[in-house]
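Structural description and commentary
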Amino acid sequence: MDVEAVTIDAFGTLVALRDPVPALQRALADRGVAREENEVRAAFGAEVEFYVERSHEGRDEATLALLRRDCAGVFLSAARADLDPGEFAPAFVDSLEFETLPGAAEACRALAAGGLRLAVVSNWDVGLREHLQALGLTQLVGAVVTSAEAGAPKPAPNVFELALARLGATAERTVHVGDSDADAEGAHAAGLRFEPAPLADAAARILR
């Protein structure tokens, strides 16, 4: 491929979420609320559904705090826990631990070694950089661009266009790697080529 840059989706392509249910169950118990694992898991599922539609609303420190409070509130309501969402929000956020997917970091290094500019492009709030930094991933990419910064989630092209501007790359020579229909549709809407995850396999195809 005639490629100068690669944009990479975060969740499901670069990172995965470790199971937060045990930590959430403990956080509830610490506040006098005993719930079974299946109840906590269902409540977390309700929060995820809520967050996915609103991740782009966490665009700065103030709106991120509000989004996290609202997410905690959805979780507590679904868990039938009469607790203050504002007080519980830090414990909720602390339960969210991410890990790098197998082969993903190595793939980023291989792409960079091949002379390609890299950016993470994701439907996420502005807290994404902090998560990636904790995993040592920010040093592997030139930019981290979220839907919150762009003002609209994928499949809207905004987040891709912002990433291209930050990388100084052209759409026709950029490939996006992702794991969802929104990734494919958004990339094509912005004029990028698309390669499906896993990232290691996509990197091998790009560098071929």
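In short, a report on the structure. (Residues numbered from 1 in each chain as written. Predicted model: local features only at pLDDT ≥ 70, side-chain atom pairs only at ≥ 80, totals over all residues. Heavy atoms only, no water.)

1. Observations regarding the pattern of salt bridges
Which entries qualify depends on this criterion: What makes a salt bridge here is a side-chain nitrogen of Lys or Arg within 4 Å of a carboxyl oxygen of Asp or Glu, nothing more. Helix and strand definitions here come from DSSP, where helices need a minimum of 4 consecutive H or I residues and strands a minimum of 2 consecutive E residues; each element is numbered from the N-terminal end. Partly exposed residues are those whose accessible area sits between 20% and 50% of the maximum for their type, while under 20% is buried and over 50% is exposed, using a 1.4 Å probe and protein chains only.
Counted according to the given criterion, the structure contains 14 salt bridges. The shortest N-O distance in the salt bridge between Lys-154 and Asp-9 comes to 2.9 Å. Residue Lys-154 is located in the loop between helix H7 (147–150) and helix H8 (158–167), and its partner Asp-9 is located in the loop between strand S1 (5–8) and strand S2 (15–17); the two are separated by 145 residues in the primary sequence. Lys-154 sits in the buried class, given a relative accessible area of 6%. The exposure class of Asp-9 is buried, given its relative accessible area of 5%. For Asp-70, the salt bridge identified is with Arg-69, shortest N-O distance 3.2 Å. Asp-70 gets classed as partly exposed once you look at its relative accessible area, which sits at 33%. Classification of Arg-69 as partly exposed rests on a relative accessible area of 38%. Salt bridges sharing partners connect three or more residues here, namely Asp-2, Glu-4, Arg-117 and Arg-173.

2. Things to note about the packing of aromatic side chains
Put simply, the test is: Ring pairs shown here join Phe, Tyr and Trp side chains whose ring centres sit within 6.5 Å, with only the six-membered ring taken for Trp; geometry is labelled stacked below 30 degrees between planes, edge-to-face above 60, and tilted in between.
Tallied over the entire structure, the rule returns four aromatic pairs. Centroid distance Phe-44 to Phe-92: 6.2 Å. Interplanar angle 40 degrees. Geometry classified as tilted. On the criterion of sequence distance, the pair formed by Phe-44 in helix H2 (residues 37–52) and Phe-92 in helix H4 (residues 85–94) is long-range, its members being 48 residues apart. Judged by relative accessible area, which is 3%, Phe-92 ranks as buried. The interplanar angle of 50 degrees and the centroid separation of 5.5 Å between the aromatic rings of Phe-75 and Phe-92 together place this pair among those described as tilted. Of the two residues, Phe-75 sits in helix H3 (residues 61–78) while Phe-92 sits in helix H4, which places them 17 residues apart along the sequence. For Phe-75, a relative accessible area of 0% puts it in the buried group.

3. A word on the pairing of strand S4 (residues 117–122)
Using the following cut-off: A pair of strands is treated as paired once DSSP finds two or more bridges between them.
Among the six residues of S4, five are classified as buried, and the element is accordingly described as predominantly covered. Examined bridge by bridge, S1 and S4 share four bridges and lie parallel to one another. In the sheet register, Thr-7 faces S4, and the bridge partner there is Ala-119. Pairing between S4 and strand S5 (residues 143–146): four bridges, direction parallel. Paired with Ser-122 across the strands is Thr-146, a residue of S5.

4. A few points about the nonpolar core
What counts is decided by this rule: Among buried residues, the Ala, Val, Leu, Ile, Met, Phe, Trp, Tyr and Cys ones that are joined through side-chain atoms within 4.5 Å form a nonpolar core. Here, residues are in contact when the closest pair of their heavy atoms is within 4.5 Å.
Judged by nonpolar contacts, the single largest core of 32 residues is most densely connected at Val-6, Leu-14, Val-120, Leu-132, Leu-199 and Ile-206. For this core, the secondary structure elements donating two or more residues are S1, H2, H3, helix H5 (104–113), S4, helix H6 (128–134), strand S6 (174–178) and helix H10 (199–207). Looking at this core, the element that brings in the most residues is H5, giving five residues. Excluding anything up to four places from it in sequence, Val-6 contacts Leu-111, Leu-116, Arg-117, Leu-118, Ala-119, Thr-174, Val-175, Val-177 and Ile-206. Counting 17 residues, the second-largest nonpolar core is a separate cluster that includes Val-21, Ala-79, Ala-81 and Ala-89.

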